[in-house]
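Architecture at a glance
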Amino acid sequence: MNVHAPKRAGPKLLPEEKIGGSPNHWVGVVEGAVLIGGVFAVERLGLFDLQSLPLHPLVLAVALIAAQYGASGGIMAAAMAAALALLGGTLPQRVVGEGYFEYLAAVWTTPLAWLIIAVLVGIISDGHRRLLQRSEQALFEAQKERDLIAAQYEALAARAKRLERRVAGIEGNNSSRL
């Protein structure tokens, strides 16, 4: 009987489709552009006063993109939000007597907070994605082992049946001689 135990190997990377998220990364860019552009359009058109909210809605858009697409998607969304916010004309007015560095700190505080939130949420999301990938790999390996055990069981059951028939045939011949 030739039975081989499965060899243990290091974890293999799954194909890109199984890793999670969309295989087409442009979908994330479009989602980010729609979310951030929508918030920016609401702000620019004056449909709602976003300054009255305790938290700027772009924080939620950046965190959502980071949770969906990981740290790299979140950083891209934070950069897009910062570019729209700073270049789009929503810079705070410089107060008379305010120093240059104080003004820069006031201008860059919110975009840097978006970047920090994007990185933190993205790192957590990437960690969950890697954990899911390892779980999928472990499941795949367990299924392969289960299939190997089932195949070996079938082979052993067939061999046991042949041996039972042979033993029954030999014993039947011996009893008929007496």
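Thresholds, definitions, all that
- Residues numbered from 1 in each chain as written.
- Predicted model: local features only at pLDDT ≥ 70, side-chain atom pairs only at ≥ 80, totals over all residues.
- Heavy atoms only, no water.
- Helix = DSSP H or I, 4+ residues; strand = E, 2+ residues; numbered from the N terminus.
- Buried < 20%, exposed > 50% of the residue type's maximum accessible area, 1.4 Å probe, protein only.
- Contact = heavy atoms within 4.5 Å.
- Areas by Shrake-Rupley, 256 points an atom, 1.4 Å probe, with all protein chains shown as cover.
- Phe/Tyr/Trp six-rings, centres within 6.5 Å; stacked < 30°, edge-to-face > 60°.
- Patch = residues over 30% accessible without salt bridge, like charges linked within 9 Å, V, L, I, M, F, W, Y side chains within 5 Å.
- Salt bridge = Lys/Arg side-chain N within 4 Å of Asp/Glu carboxyl O.

Along its length, the protein chain carries three helices and zero strands. Listing each helix as α and each strand as β along the protein chain from the N terminus yields α-α-α. Considering the protein chain as a whole, with its 178 residues, one finds that 22% of them fall into the buried category. Considering only intrachain contacts with a sequence separation of at least 6, the fraction spanning at least 24 residues in the protein chain is 72%. Of the roughly 12800 Å² of accessible surface on the protein chain, 66% is carried by carbon and sulfur atoms.

On to the packing of aromatic side chains. Under the defined criterion, the tally for this structure stands at one aromatic pair. An angle of 75° between the planes, with centres 5.6 Å apart, marks the rings of Tyr100 and Phe101 as edge-to-face. For the residue pair Tyr100 and Phe101, the accessibility class agrees, reading exposed in each case.

Where nonpolar side chains cluster on the molecular surface, the patch consists of Leu45, Leu47, Phe48 and Leu53 and spans about 430 Å² of accessible area. Position of Leu45 relative to the elements: it lies in helix α1 (residues 26–45). Accessibility expressed as a relative area gives 64% for Leu45, which makes it exposed.

By themselves, these figures tell us nothing about what the structure is for.
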